[in-house]
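Listed below, chain by chain, are the residues.
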Amino acid sequence: MSTRQRLSSLGITPRKSLGQNFLTDPGIARAIVAAARIDPGDLVIEIGPGIGALTQFLAQQAGHVIAIELDQHLIPALQAELRHPANLTVIHADALAVDYNTIRQTIGADVCPIEAPVRVVGNLPYYITSAFIRRLLESQLNPALIVLTVQMEVAQRMIAEPDEMSLLAVSVQFYGQPRLMMRISPSAFYPQPDVDSAVVAITPYPRPLYARASSVFALARAGFGQRRKQLRNTLASGLGITREQAEGILLASRIDPARRAETLGIDEWITLASHYDAQG
Ligand code: SAM
């Protein structure tokens, strides 16, 4: 049965407002799950399982899967489609509101040991991608790997290099190393989205690159706050400091004050943060 027929027999009409584009190609689902390199003892957290295109393979490979789904109409269908695997816990919640620091406690330590490595997998609705990544990476969950299917353009922004950096690139690259794993055409989904998708694997760093993440993000938010303006101006207005103070921090960091935010690499944002913090 095709995905379309399965949805119709389950009485489900895909909801555009929840970004419901269901994967129809099991070969691609397997390839996404393979990209997560799951070991049998791992705890996998899946965001937006839908009717289980990825979940079925995740549950076959992981020690336990916690699947977080916002649409409660899909949950009975998901469980029935997968025949209630014992190692699957489905949570009806908004992935943007979940407390990732305590999510392991949703299942007992007898079900999944506290030291089990965590992998996060999701075919996310496009509009929650950035907010979700920030919430997850700022938490203490410390996943070993994050594998996300996102809009191609979002994937390209995550892996961008200096000259094409954005607040999203800084947010991701501060916490880990993103890699583009594959491109997926709209025909792999039902209903078909308007644009290509891509799978990105983010390997989080074991330790933060800089202790005060808040300073890096305050600077980056200020820097990217006004497009195509020089850093001496964007930092001054965004941080509420004088242009001379902004220039002082930039020069101390060996960054030309006339450069623009999109030209800075992650190491330069960190150098900038250390000089900003040193000024008190
Ligand atoms: N993983 C399934 C697949 O590949 O066929 C479904 C992917 S579909 C693009 C996105 C899924 O995320 C839908 O099941 C949708 O209901 C769910 N979703 C949307 N917003 C969500 C949120 N804020 N938190 C959790 N799940 C959400």
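Structure: see above.
Owing to the predicted nature of the structure, the values given are computational and were not obtained by experimental measurement. (Residues numbered from 1 in each chain as written. Predicted model: local features only at pLDDT ≥ 70, side-chain atom pairs only at ≥ 80, totals over all residues. Heavy atoms only, no water.)

Undergrad: Quick one: what's the story with the site of the ligand, residue by residue and with numbers?
TA: For the ligand, the set of nearby residues contains 23 residues, the closest of which are Leu23, Gly48, Glu69, Asp94 and Asn123. Glutamine 20 has a polar side-chain atom sitting 2.9 Å from an oxygen atom of the ligand. Expressed as a share of its isolated accessible area of 600 Å², the protein-covered part of the ligand is 98%. The set of elements that each furnish at least two residues to the shell around the ligand consists of strand E1 (22-23) and strand E3 (64-69). Taken together, the residues of the shell around the ligand sort by class into 13 nonpolar, 6 polar and 4 charged. (Near = heavy atom within 4 Å. Polar contact = N/O pair within 3.5 Å; in protein donor to acceptor, adjacent residues only side chain to side chain. Areas by Shrake-Rupley, 256 points an atom, 1.4 Å probe, with all protein chains shown as cover. Helix = DSSP H or I, 4+ residues; strand = E, 2+ residues; numbered from the N terminus. Nonpolar A, V, L, I, M, F, W, Y, C, P; charged D, E, K, R; others polar.)

Undergrad: Run through the pattern of salt bridges, naming residues and quoting values.
TA: Side chains bearing opposite charge may pair, as long as their charged atoms lie close to each other. Counted by the stated rule, this structure contains 8 salt bridges. In this structure, aspartate 42 and arginine 119 form a salt bridge, with 2.7 Å as the shortest nitrogen-oxygen distance. Note that aspartate 42 is positioned in the loop between helix H2 (26-35) and strand E2 (43-47) and arginine 119 in strand E5 (residues 118-123), a separation of 77 residues in sequence. Side by side, aspartate 42 and arginine 119 carry an identical accessibility label, which is buried. A salt bridge links arginine 228 to glutamate 262; the shortest N-O distance between them is 2.8 Å. Of the two residues, arginine 228 sits in the loop between helix H8 (213-225) and helix H9 (231-239) while glutamate 262 sits in the loop between helix H10 (243-252) and helix H11 (266-278), which places them 34 residues apart along the sequence. Overall, the relative accessible area of 53% leaves arginine 228 in the exposed class. (Salt bridge = Lys/Arg side-chain N within 4 Å of Asp/Glu carboxyl O. Buried < 20%, exposed > 50% of the residue type's maximum accessible area, 1.4 Å probe, protein only.)

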